[in-house]
Every structure is written in C-alpha cells, then in structure tokens.
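Architecture and fold: a report
Listed here are the chains, written in short residue letters.
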Amino acid sequence: MYQLRLVALVALGGALSAPLGAQGIPRRTGGQSTTASSAPRFMVANPFAFAPGDSAAAVAIGTGIREEMKDVVGRDYTVIEQGQMNDALTQYGYPKDAILSPALAVTLAKNIQARFLVNSTLSKGPKGFAVSARLTGTNDDAGNVVTLTQNPGEAPDAFGKRLASTLEPAVESLDEAKSCIDQRQSKPDKAAEAAEKAIKMLPDHGLAHYCLALLAQDKKASRAEIVKHLQAASKGDPQSLQVWTALASQYQQANDTANTLVAFKQMLRVAPTNQKLREELFKYFLQTGHPETALEVADEGLKIDPYNADLYDLKSNACLFLSNFKCAVDALETMYATDSTKADTLFFTKISAAAAEGEKPDTARLLKWSQAGVKKYPDNPTLLGYLNRAYAMTGPVDSVVAVTNRIIAKDSTAVIPALAAAKALIEAPATGAPPPPPPADSGKSAGAAPPPAPTHRTKEAVPFLQFAIQHGDPQQKEQAAALLYTGAAPLLQQPQDLQGAAELLKMAVGAANPSGKVYPAANYLLGLATLFQVPQVDPQAEKGKSCDLAKQEETLLNDAETALNAGQSVNPDAVAKNLGIIKQYKPRVASMKKAYCK
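What counts and how
- Residues numbered from 1 in each chain as written.
- Predicted model: local features only at pLDDT ≥ 70, side-chain atom pairs only at ≥ 80, totals over all residues.
- Heavy atoms only, no water.
- Helix = DSSP H or I, 4+ residues; strand = E, 2+ residues; numbered from the N terminus.
- Buried < 20%, exposed > 50% of the residue type's maximum accessible area, 1.4 Å probe, protein only.
- Contact = heavy atoms within 4.5 Å.
- Areas by Shrake-Rupley, 256 points an atom, 1.4 Å probe, with all protein chains shown as cover.
- 1 Å grid on protein atoms, 1.4 Å probe; cavity = no way out; pocket = protein on both sides within 12 Å on 5 of 7 lines; lining within 4 Å.
- Points joined across faces, edges and corners; volume = space filled by probe spheres on them.
- Patch = residues over 30% accessible without salt bridge, like charges linked within 9 Å, V, L, I, M, F, W, Y side chains within 5 Å.
- Salt bridge = Lys/Arg side-chain N within 4 Å of Asp/Glu carboxyl O.
- Lys, Arg positive; Asp, Glu negative; His and termini not counted.
- Charge placed at Lys NZ, Arg CZ, Asp CG, Glu CD.
- Disulfide = S-S within 2.5 Å.
- Pairing = 2+ DSSP bridges.
- Core = buried A, V, L, I, M, F, W, Y, C linked by side-chain atoms within 4.5 Å.

Right, let's talk about the overall build of the protein for a bit. Summing up its helical and strand segments, the protein has 29 helices and six strands in all. Expressed as a percentage of the 598 residues in the protein, the buried residues total 48%. Considering only contacts in the protein between residues 6 or more positions apart, those separated by 24 or more positions represent 62%. Summing over all exposed atoms, the protein offers an accessible surface of approximately 28400 Å²; the carbon and sulfur share of this is 53%.

Okay, structure coming up:
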C-alpha cells in the first residue's frame, strides 16, 4: 500500500516550481525573444547566498560564470546577458542583480524562455566561498551538479569562471542526454545509445543515468540494474527529487529500510517545503521507528543556512511530529524573525496550535500569536478559536465572550467555543460584596443544597448553552447540561434565586441524557428549587385568598414531586423527607383551592 503512495510522489517533484509564479514572478503572456539567435537560450542565475552579506560576492561569481559560459557553450546555445536578466527582473518587480532562491530562478528561466539553466547556491567556509552549481534543462527531471571551493586569494569573478569551465563536460553532453529522454518511448534503442554517449563524456551524468533507469524499468529489467543507474544519477545530480523518489521506491520494494531512510532524508533536503511529501515521509519515519530523522535534516540544513525560513518551517513540522511543542514554537518564531512575509494563515495556525498543546500550554505565546493572527486575518474561524482558547486560559472572560460571539455568528458548528465561553462565565468569580449569611432555618426542611461559591454571570452563559444544545452532538449536550447544573446550584444558596435556578435546571433536564449522571442530579436540584418556592407562595395565597396563587402552589408541588422522584438516586433519604413535606402540603392546597376558586 505504501508503495502506491510513494510512486504518486514522483509527480510532486515536477510541480514544485509551479506555484512560485504567484510568489513574485508571474507567467509571461507574450512578447518577443530578446535575441535574434535561434540557438536554445541558456540562463545563468546569480548563486543564491544564504547570508545577505554575501550578496555582492554572489553577483560577482554569477557574472564570472555567465561570461565564461559563453565560451563553454560556443554557438550551440545563447547565454542570456546580464542586462537581459535584469530587464526581466525589474519587469517582475525585483531589483537588478537580485539573488533569487533556486526555485524562483527556475521559474524566471522558464518565463524568459530559457531552455537550460545554471542554478547555484553559495556558502561561506573558514577559507572562502563554496558554490554548488546545478546545470539542468528547465523542464528536465535531472541534471548535473558540481561543487567547488574558492582558492586562497582567488577573485570572485575568477572563481565563477573556473566553475563554468568545470561544467563544460555537462554542457557538451546535454544534447545526447536530452536525446535519450526524447526518444525513450519511440526509439528506446536509440535513446540508450544517446545516454551511453553522454556517459562517456561525463560518467556520472545525472540525466543520462536517470534515462537509462527509466528504460530499464520500461523493459522490466532487474531491480539491481535500475538501482545501479539511479544511484549513478543521484551521484551526478543529488538535487533531483525525481531521482531520489525513484530510488526510495526501489529500496522500499526490496525492504531496504536503511537505504530508504537515506533517500527520504535527501528528498526532504531537496524539497523541504513540499507539504504532501512531508506528510508521507513523516508517516514512514514513525512507522519505522525513526521519528527524529526529519528534525536531523532540518538541523543539518540550518547549520549551513541559518537564514532559511523554509528550513525553520520544516523543523517546526518535525517538532510537531515528535510532540515537542516548545521546539515547534521556537522554530516558527525564528522563521517569523527570519522572513515575516511567510506568516500566512497556516503559520499562525501552526504556531497557535503548538503553543496550545502539551501538558503545560504556553499561554503567553498562545495569546501573543493568536492575537497577531486574528489581527491579520480577522475572519479566520480557526485563528479566532485559538484566540478564544488563549483568553479562556488567561482569564479575561469578557474577551472570551466577545470572541465567541464572533465565532458562532459565522459558524453554527462552533459548539466547543460556545461551551468554553459558558464555562468561563459560570466559573467567573463573583464581584461586589459577599452575600449575607443565610437565616438559621433557611432550607433545612427541604434538605441541604450543594455549597459552591455564588456567581453573578451564569445567566449570561445561557445563550451559549442554548447554542450548544441546539447544534451539539449528544456528548456536547450532556456537557451543556452539566454546566447548567453547575450554574444553577449556587442560586439555591443565599441570596437565593429559586426561579432562576429552576429555569436553568429545566434546561439541564431537557438536554441531559436520561441514562447519564447529570439527569438525576439536575432533577434532584430542580425538585429542591421548585419546592423551596412553596413556602414563599403559600402565605401570599392565604393572605390574599388567591385562587391563582393556590393553583400556582399546586403546580409547584406537582413539579417538585415529579423532579424529586426522577432524582431519587442522588439522595434517597432527602428525597423521601421532601416527598413527605409535599404530601403534607397537598391537603392544605386543595383546601385553599376549594375556598378561593369559586
């Protein structure tokens, strides 16, 4: 099963640069070529410098490569002049001599109709610069990579020229390697001959060996033969995602876990931002007991390129994969400091999620980043949810209420935030002066009620609980019922609000599962809240000789009896005592009705 998923990843590599046009280089819709030559166009990008301070050296090295490449290619190709590249860069909103990432350089090459590209990365060591240059067709799956280190005292442009000379065998063998790819389906024998010619000129030719591997696969040759060519291709072009994907596939089929891990690690190095690739590889790392592998890849890359925001993003994913949430937040914060333009909705979602997870959520950073995310994306329901969670953890109840109202106004499925807001309101500490102590005989005849501290915000929670009952699943309705019970219980204490308590408890009974724990408990308190009202109504009915009040008292007694019977399991002795009180009241009420209701 996994093999089928992996094979599908081959297509992902070819699409890596496709969305990059939207990141700064749009597709060209027309226009004429800037050169009259019919020879294929050849672009040399300035090496990508990891450190901003190395940009000037990168431009000088790029100039040296470009100038020397004119002699290397001769009349077979037309090297795009630096001035022409700068015209294209400024057209797309970049400064002259811009240092583009490798992926954006490929996109620029395609947009200015270059058929071939030299794409480089520059790093600085203790003795000078090192450049890894990749020569490939702009639409090819593999090419050739050379890496050189600057000699002591060597000028940057001279270093660039030496690098271009080193690429000469790759240039001379380009046509033969591409001929193999072009003829693979129609003339496989001719294709193989062309690949062998390229390999004679350059033994580790990445594209030629990749083509031979495809030919071997087409004719169902042995795995050993396919792997031999793929390994040679990976040596010639260690930056080809397609080559490493094919190798990983072969290793998996052979149950070679060690080499599969090597291939997967290299795939992550080549394409650290490919989310679908990450997900598949992370699953494999977990299945094979190597969850730390992705983190190793990220840390290796950051040692070379500490300014690479994409690698910090990869590291954050690896940390999340390992459930190391502090590590994930640290990596994402560094990513933001490195390149804040990458802070999209996914960034704010990931950093908020990481801060909210674990045994001890990082409430300070959760609040900071969820606030920043909602400020930038005010209508994003996920980010509003994390902001709501942050407020719930840090205590500003009014903020919880405000954000929850924004959420449920847009999303009728947002039951969890509604329950959280209700809980925050119900558990909010009481404000103002403490209530006076209850009278000595208050409530004794009906049995003692639970003693939670009073609160004055329970009724504000009712709309949120009604929302949860209306839209929630059975478990969420049970949670709403439990919160209603919790909110109603203090209202039976002094200063009492018996009617308010009864209203809340009726809602709780209606929402609770009859076979659950909340249902009998809510009924028990409902019986008490209803019965406690009888001593208040009875003297008024007698004094006023009121038929209506006598009927109201009868209803209260009947409702209390029903509720207490339903809650009998909570406190059988108290229920029996209170049912006895109800039994004593009933003849009196019947007598008042007979006297007052003419």
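On we go from here.
Quick look at unusual backbone geometry now. Residues apart from glycine generally show negative phi values, whereas peptide bonds are mostly found in trans. The amide bond that connects Gln494 to the next residue, Pro495, takes the cis arrangement and shows omega of -10°. Looking at the secondary structure, you find Pro495 in the loop between helix H24 (474-488) and helix H25 (498-511). The residue Ser323 is not glycine, and still its phi comes out positive at about 60°. Considering the arrangement of structural elements, one finds Ser323 in the loop between helix H16 (309-321) and helix H17 (325-338).

Moving on, we get to the environment of Val145. Looking at the secondary structure, you find Val145 in strand E6 (residues 144-149). Separated by 90 residues in the primary sequence, Val145 and Lys235 place their C-alpha atoms 8.6 Å from one another. If we ignore the near neighbours within four places in the chain, the residues touching Val145 are Ser132, Ala133, Arg134, Gly236, Asp237, Pro238 and Gln239.

Glancing now at empty space enclosed by the protein. If a probe the size of a water molecule is rolled over the atoms, the empty space left behind becomes visible. As enumerated under the stated definition, the model contains two cavities of 30 Å³ or more in all. Estimates place the volume of the largest cavity at around 80 Å³. Together, 14 residues line the largest cavity, and Ala45, Asn46, Met85, Leu89 and Ala98 are the ones closest to its centre. Those elements that place two or more of their residues in the lining of the largest cavity are helix H4 (82-91) and helix H5 (102-111). Put simply, the second largest cavity is a space of about 30 Å³. Breaking the lining of the second largest cavity down by element, the ones donating at least two residues are helix H20 (381-394) and helix H21 (397-410).

Moving on, we get to a positive patch on the surface. A contiguous patch of positive charge, built from Lys187, Lys190, Lys197 and Lys200, is present on the exposed surface. Considering the arrangement of structural elements, one finds Lys197 in helix H9 (residues 188-201).

This part is about the environment of Leu526. Structurally, the position occupied by Leu526 is in helix H26 (residues 518-531). We classify Leu526 as buried; its relative accessible area is 10%. Excluding residues within four positions of it along the chain, Leu526 makes contact with Ala502, Leu505, Lys506, Val509 and Ala563.

Moving on to the state of the cysteines. Joining two cysteines, a disulfide is a covalent bond between their sulfur atoms. Tallied over the entire structure, the rule returns three disulfides. Shown here is the disulfide that connects Cys180 with Cys211, its sulfur atoms set 1.9 Å apart. Torsion about the S-S bond of the Cys180 and Cys211 cystine: about -85°, corresponding to left-handed handedness. Taken as a pair, Cys180 in helix H8 (residues 174-183) and Cys211 in helix H10 (residues 206-218) lie far apart in primary sequence, 31 residues in all. Grouping residues by exposure puts Cys180 and Cys211 together as buried.

Residues in a regular strand project their side chains so that they alternate between the two faces of the sheet. For strand E1 (residues 41-44) and strand E4 (residues 116-125), the ladder comprises three bridges, and the chain directions are parallel. Looking at E4, one finds that Met43 is bridged to Leu117. In terms of strand pairing, strand E2 (residues 48-49) meets E4 through two bridges, oriented parallel. Paired with Phe48 across the strands is Thr121, a residue of E4.

Glancing now at the nonpolar core. With 140 residues, the main nonpolar core has Met267, Leu268, Phe285, Phe347, Phe464, Leu465 and Leu492 as its most contacted residues. Ranked by size, the runner-up nonpolar core spans 28 residues in total, among them Val72, Val73, Phe116 and Leu148.

No statement about biological role is implied by the geometric values presented.
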